Amino acid sequence: MRLAYMDVQETLAAAFAIVRRKKKRYNSIVFIVRTSVPHRPAKMSGAKERLQLQEKFDLMPETLGGQFRKDFPPYIDGLVRSVPHRYVTTPEYAKNAEDIYNLAPRPDDIYVSTFPKCGTTWVQELVWMVVNQCDFEKGKKEQLSIRSPFLEMNYMLPMKLAEKFEKEAICRKANSPLVDKIMELLCYWNLMDWLRPFIRKAISLVMGDCLRDLDQIDQMAGPRVIKSHLPLYLLNPTVLNTSKVVYVARNPKDVIVSYYHYHRLLEFHHYTGNLEAFADYFMTDRVYSAPFFPHLLDAWNKRHHPNLHFVFYEDLKRNLRGEIEKIAKFLGKPLTEDQLAKLTEHLRFDNFAKNETVNCEIGKEIGLMNNSGHFIRKGKTGDWKNHFSPELNERIDKWMQANLEGTDLRFITELEQQD
Ligand code: A3P
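Below or above, wherever it landed, is the structure these notes cover.

What counts, and where the lines are drawn
- Residues numbered from 1 in each chain as written.
- Predicted model: local features only at pLDDT ≥ 70, side-chain atom pairs only at ≥ 80, totals over all residues.
- Heavy atoms only, no water.
- Helix = DSSP H or I, 4+ residues; strand = E, 2+ residues; numbered from the N terminus.
- Contact = heavy atoms within 4.5 Å.
- Near = heavy atom within 4 Å.
- Polar contact = N/O pair within 3.5 Å; in protein donor to acceptor, adjacent residues only side chain to side chain.
- Areas by Shrake-Rupley, 256 points an atom, 1.4 Å probe, with all protein chains shown as cover.
- Nonpolar A, V, L, I, M, F, W, Y, C, P; charged D, E, K, R; others polar.
- Salt bridge = Lys/Arg side-chain N within 4 Å of Asp/Glu carboxyl O.
- Buried < 20%, exposed > 50% of the residue type's maximum accessible area, 1.4 Å probe, protein only.
- Expected span 1.5 Å × (residues − 1).
- Pairing = 2+ DSSP bridges.
- Axes fitted to C-alpha atoms, helices over the stretch in contact; angles between N-to-C directions.

In this section: the side chain of His263. With respect to the secondary-structure elements, His263 resides in helix 12 (residues 252-265). Beyond its immediate stretch of four places on either side in the chain, His263 contacts Phe72, Tyr75, His269, His270, Tyr271 and Phe278.

In the vicinity of the ligand, 17 residues are found, and the nearest of them are Thr120, Thr121, Ser258, Lys378 and Gly379. Note that an oxygen atom of the ligand is positioned 2.5 Å from one of the side-chain N or O atoms of Thr121. Residue Trp122 places a side-chain N or O atom 3.1 Å away from a nitrogen atom belonging to the ligand. The fraction of the free accessible surface of the ligand (570 Å²) that becomes covered by protein chains is 98%. Going through the elements one at a time, helix 4 (120-131) and helix 18 (349-354) are the ones with two or more residues in the shell around the ligand. Ranked by the residues each element gives to the shell around the ligand, the list is headed by helix 4, at three residues. A class-by-class count of the residues in the shell around the ligand yields eight nonpolar, five polar and four charged.

So, on to the pattern of salt bridges. Two side chains that carry opposite charge are able to pair once their charged atoms sit near each other. Going through the model one piece at a time under the given rule, you end up with 21 salt bridges. The closest approach of N and O atoms between Glu92 and Lys95, which form a salt bridge, is 3.1 Å. A residue pair is termed a helical-turn pair when its members lie 3 or 4 positions apart in one helix, as Glu92 and Lys95 do in helix 3 (residues 91-101) at three residues. Among the residues examined, Lys95 registers a relative accessible area of 62% and is labelled exposed. A salt bridge links Arg395 to Glu276; its shortest N-O distance comes to 3.0 Å. Here the residue Arg395 occupies a position in helix 20 (residues 390-404), and Glu276 occupies one in helix 13 (residues 275-283), the gap between them amounting to 119 residues. For Arg395, a relative accessible area of 30% puts it in the partly exposed group.

To continue, consider helix 12. Taking 1.5 Å of rise per residue, 14 residues should cover 20 Å, and helix 12 covers 19 Å from first to last C-alpha, within 8% of that figure. If you check which residues of helix 12 are buried, you get Pro252, Lys253, Asp254, Val255, Ile256, Val257, Ser258, Tyr259, Tyr260, Tyr262, His263 and Leu265. Contacts made by the buried residues of helix 12 are with helix 13, helix 14 (292-300) and helix 20. Its side-chain oxygen placed 3.0 Å from the backbone nitrogen of Lys253, Asn251 serves as the N-cap of helix 12.

Turning to the sheet that holds strand 8 (residues 244-249), a few remarks are in order. Strands sit in the order 7-6-8-9 across an open sheet of four strands; the sheet is parallel. Here the strands that pair on one side only, and so sit at the sheet edges, are strand 7 (225-228) and strand 9 (308-312). Direction aside, the axes of adjacent strands within the sheet are offset by 20° on average. The sheet contact formed by strand 6 (residues 110-114) and strand 7 spans four bridges and is parallel. In the sheet register, Tyr111 faces strand 7, and the bridge partner there is Ile226.

Honestly, it's all geometry; don't read function into it.
Here's what the structure looks like:
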C-alpha cells in the first residue's frame, strides 16, 4: 500500500504514470487530495485590451423539457439563444463566448468559416494543403483537428456531458480498474472542472492529441488554419481586416439532411426523432448553430471584401479543380500543375472518406460517435430528393423563399453533373 499526499493534478499525473509505466504494482493506493487548484481562464497572449462581446445569451426554456428533451436526450442544460442576433448555442459556449471573441487574429491566419454541414472539413483540408505546399506526408501523420483546430470545439458540450465523455474515453483507453476507480472518485468529489485542462492533456497523451483549447490555439505556430462554425459577428471583430476568411455555403435542403444524420451519429446530440421533425426544428431555429440564413447572409454580404472568399459546396462538386485554383490564388499560394492534380485527387469524395486523418472515425474509438453511419457520409448535391416527402419539400421551399426575399443569395439544389 502506498500513501500519497498530492494536489489533484499531481494525483492524476501520478496515477497515469503508474498505469502507463506498469513498473511498480501496488495492491492499493490511497490518494489524499488537496483541492486547491485554481481555475485558470484562457489568457490570450496577443490580446491587448479585453473586448466586450455585445451579444447576450438567454436560456430557451422549451429546450429543457417536453418533446425536445426526448428528441435530444444529451442536452441536459438545454440550449441558449442570443440577443440581438438570435444565435442558438449551448450554455457552455455562452460562458466562454467572450474568451473566444478575444482570440487575437494574425495576418497569416486563415479562418474556414461555415454553418455546420456545408463542407467545412473538405475545405479545411483543402486550405491546409494549399498553405502547406501540399505536404501529403505531414497530412497523413496528424489528425486534421490538430493541424487545423476547431475554434469553439472545447466549449460546445455541457460540462457534465464533456465530463462523461472524458471519463469514458480515458477508462476505455486505459482499460484498467484502477483508472475507473480514480475517475469515479474525481466525479464524486466534483473535481472534474478543476482538472479539465489536465484531463485533456492526459487524453492527448494516451490517445494522441485530439483537442486544442483556446490557449493552445493562441500559442500555435502560424500560419494557422482555424475552423469555426460561429457566425462572423462572434469572431474577433478585427478578423476580416487582419486575416483571410474562406466561407463555405451549401444549399439548405442538403444541409438539413446532412445535419439530421450528423445529429444521430454524434453522441452529444443523439437525436432520436425522425427527419421530418428535425426539419421542423431546423426551420424554427431550434438546432445548434441556427438560424441558417442570417449565418450565410452575413458572409454573403461581405463577399466583396478582399479578405473574404465565398465558395459554394455545389461549385466544389461541379468543378473541384477550378475551385482549388481560385482558393490558392486568394491565399496567394499558387500550385504547380502536379500539385493541383494530386490535391484534386486527394480531395475526391472516395479518397477523402478513406482518409483516417479527416474522416473522424477516431470519434467512434473515443465514444463521441456511434455506429449509425459515417461523418464523411454521401457527399452529393441533391440527396434531399431521397429523403423529403412532396409535402415537406413544399414547406421547405416556402421557408427558403420567405428567407431569401429581398436578397440576391440563391442556391443550387440539384446538379446534372457531379463527381
Ligand atoms: P453529407 O452528409 O451530405 O454527405 P462538414 O464538414 O461541414 O460537417 O460537412 C459534412 C458534409 O460534407 C457531409 O455531407 C460530407 O459527406 C461532405 N463532404 C465531406 N468531404 C467531402 C468530399 N471530399 N466531397 C464531397 N463532400 C464531402
